[in-house]
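Reading the structure
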Amino acid sequence: MSKFIKTCLIGATSLMLMAGTAFAANSVVIKGSTTVLPVAQAALEAYMKTHPGVNISLSGGGSGEGVKALMDKSTDIANSSREIKENEVSQAKAKGVTPKAHIVAIDAIVPIVHPKNKVTGLTIDQLSQIYQGKITNWKDVGGDNLQIVVISRDSSSGTFESWAELILHKAKVTPKAQLQASNGAIVQAISKNRYAIGYIGFGYLNKNVKPLTVNGIQATMQTALAKQYPIARPLYMYTNGDPKGETAGYIKFVLSPAGQKLVAKEGFIPLTAASSAKKKK
């Protein structure tokens, strides 16, 4: 099953599971980042097989929405593809919530184009100029004489915020950019438009889109761990203080060897690989 289809099915899964979920001791509510979504979904399925009495609901909406839900105490776990902001921490504490970070995987943000696009790589500066609307034709970066269609995540996305910081350096995205609410939606849009460029989490790469190198470096597990690939970041699950009950059990599973195998299976970089890389140094 493709990640896009899998992501679409999560909404229906969430609705079914929510019927028995009301923050009871045997229930867990998870909301937030669509980048973290495949990891959370795979872990959910595996965890519920060995804990049949547990109800877990999972939905996306973006990192910002997950953090808001944690503040409002409407979720047990907030998935986030970015670190929580200082002002969000202050707002949370004012509501009696103490966000605690749990890094569950490493991700690389990868610029993608249609497979028929002959461009194979871009520099950070070129990406920045494209997303600011200063470079508007593929011929200016070694491609065909075609207008560039810029596709971006929306502002509630942690991936958008990481991209804005690492690529745009806080400059504004061109108002002509088409905004998408999820990684899967960007993959679908790029696969149907040979003029377009977008960016997604490493785990969402598939044969329907072509990844570009950045500064001549391909996004791989090895280059991300070695910090050679310039657009890599950790993925988080946030809880209100130390997790308890089934929330603690679920996160413990995600961080376990079995959970980290699922991280790798979903195409992300497991923490076990990061630990092994440190030991080899």
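For clarity, every value in this text was computed on a predicted model and none was experimentally measured. (Residues numbered from 1 in each chain as written. Predicted model: local features only at pLDDT ≥ 70, side-chain atom pairs only at ≥ 80, totals over all residues. Heavy atoms only, no water.)

Description of helix H6 (residues 158-166)
With 7 of 9 residues buried, H6 is to be regarded as a mostly interior element. Residues Gly158, Thr159, Phe160, Glu161, Ser162, Trp163 and Ala164 constitute the buried set of H6. Near the N-terminus of H6, the side chain that reaches the backbone nitrogen of Thr159, with its oxygen 3.0 Å away, is that of Ser157. (Buried < 20%, exposed > 50% of the residue type's maximum accessible area, 1.4 Å probe, protein only. Helix = DSSP H or I, 4+ residues; strand = E, 2+ residues; numbered from the N terminus. Polar contact = N/O pair within 3.5 Å; in protein donor to acceptor, adjacent residues only side chain to side chain.)

Quick look at the environment of Leu271
Its place among the elements puts Leu271 in helix H11 (residues 271-280). Separated by 168 residues in sequence, Leu271 and Ile103 have C-alpha atoms that sit 8.3 Å apart. The residues touching Leu271, leaving out its near neighbours within four places in the chain, are Ile103, Val104, Ala105, Ile106, Leu255 and Gln260. (Contact = heavy atoms within 4.5 Å.)

Here we look at the packing of aromatic side chains
Using the criterion set out here, one finds 6 aromatic pairs in the structure. Relative to Phe253, the ring of Tyr47 has its centre 6.2 Å away and its plane inclined at 55 degrees; by these criteria the two rings are tilted. Residue Tyr47 is located in helix H2 (residues 37-50), and its partner Phe253 is located in helix H9 (residues 245-255); the two are separated by 206 residues in the primary sequence. Residue Phe253 is classed as buried on the basis of its relative accessible area of 18%. Aromatic pair Trp163 and Tyr199: ring centres 4.2 Å apart, planes at 5 degrees, arrangement stacked. Placement of Trp163 in helix H6 and of Tyr199 in strand S8 (residues 196-201) is noted, with a sequence separation of 36 residues between them. As far as burial versus exposure is concerned, Trp163 and Tyr199 are alike and both buried. (Phe/Tyr/Trp six-rings, centres within 6.5 Å; stacked < 30°, edge-to-face > 60°.)

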